[in-house]
Amino acid sequence: HLNYRPNNIARALKVKSSSNIVFIADQITNEHFSQIINELDIAAYDKGYIVSICANRNTREFVSHIISRQFDGIVISSISFPEEYIQYFIDAKIPVVLLKNRNYKEIKGIGMIDTGLYKGAKECVQHLVDRGRKNILYLDRASSRGNFSTDTDFRLKGFKEQMKKNGISISEKNIITGCENEDQVIDKIKRRILEGFNADGIFARNDRLACMGMTAVKSLGLKIPEDIAIIGFDNSSLSKYTTPTLTTMEMQRREIGRSAIEMLYQMIEHGPEAALSKEFDTRLIIREST
């Protein structure tokens, strides 16, 4: 069943350069990724490379397909892409840079970029706690494919650990997860509050989810931030135009995109031993919602 892999690898090794880099991400439609792609594209073009964009499909066939295309390098930003698949790319001698969304255990010989999700999430929680909030809901992604966060996810991990650090006990009632679409997220928030979870804060893993939180809260006749303070993550253009405007966490997208290309370039030129790791900080943008 796996016979296709060595053939594709062998073929990839014969060809020198395609001047192509592929960016693999869970969601290629949201604003956060489109901004990162823009930075990748500018930096790559300066070095003579073209960036292709591919939504993660999480299958061995997908991995084989990517290997057979003979890309010069791969940038991955995925919460669910398995480590063994990343290893296939390494075995095929393709330089890989990973934008870390979660903990990775065994991977060696790739570039690693910590985009600040874990520290940023902890800061989001601390901001709500400093505003006197204790009953905080965490909004996980909606996924029609069932890709929900585990404790390896940096934002969920940061949420749980910062709550614990403040001596606030949490249960599954603090987490809105398992939703297939946006309507389900809104519905679940409303039901959680109506069933007696006395929420006074919401931390959403991105700004879009924070807007769903706002919709749910307003539909219950509650005020933001007086009754429930809401914080998002990404500092997307949405956040300035919500009512009230949205407090959020900004990531250094330009620097992240450029670092990813620079790392790949070094690995393409000098081999996997040129792999580096880099860490970026996030910045809290305080607006009316908290």
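Data block above holds the structure.
None of these values were measured; they are calculated from a predicted model. (Residues numbered from 1 in each chain as written. Predicted model: local features only at pLDDT ≥ 70, side-chain atom pairs only at ≥ 80, totals over all residues. Heavy atoms only, no water.)

## With respect to the pattern of salt bridges
Using the criterion set out here, one finds 14 salt bridges in the structure. One salt bridge in this structure joins Glu279 and Lys119, with 3.2 Å as the shortest N-O distance. Residue Glu279 is found in strand E11 (residues 277-279), and its partner Lys119 is found in helix H5 (residues 117-130); the two are separated by 160 residues along the sequence. For Lys119, a relative accessible area of 43% corresponds to the partly exposed category. In this structure, Arg191 engages Asp187 in a salt bridge whose closest nitrogen and oxygen atoms are separated by 3.1 Å. Of this pair, Arg191 and Asp187 both sit in helix H7 (residues 182-194), four residues apart, which is roughly one turn of the helix. (Salt bridge = Lys/Arg side-chain N within 4 Å of Asp/Glu carboxyl O. Helix = DSSP H or I, 4+ residues; strand = E, 2+ residues; numbered from the N terminus. Buried < 20%, exposed > 50% of the residue type's maximum accessible area, 1.4 Å probe, protein only.)

## Considerations on the packing of aromatic side chains
What the rule picks out here adds up to 10 aromatic pairs. Taken together, a centroid distance of 6.5 Å and an interplanar angle of 45° make the contact between Phe159 and Phe203 tilted. Placement of Phe159 in helix H6 (residues 154-165) and of Phe203 in strand E8 (residues 201-204) is noted, with a sequence separation of 44 residues between them. Taken as a pair, Phe159 and Phe203 share a single burial class, namely buried. Over the aromatic face of Tyr265 sits the side chain of Lys47, whose NZ or CZ is 4.4 Å from the ring centroid. Seen from the ring of Phe233, Arg155 lies directly overhead, with NZ or CZ sitting 5.5 Å from the centre. (Phe/Tyr/Trp six-rings, centres within 6.5 Å; stacked < 30°, edge-to-face > 60°. Lys NZ or Arg CZ within 6 Å of the ring centre and 35° of its normal.)

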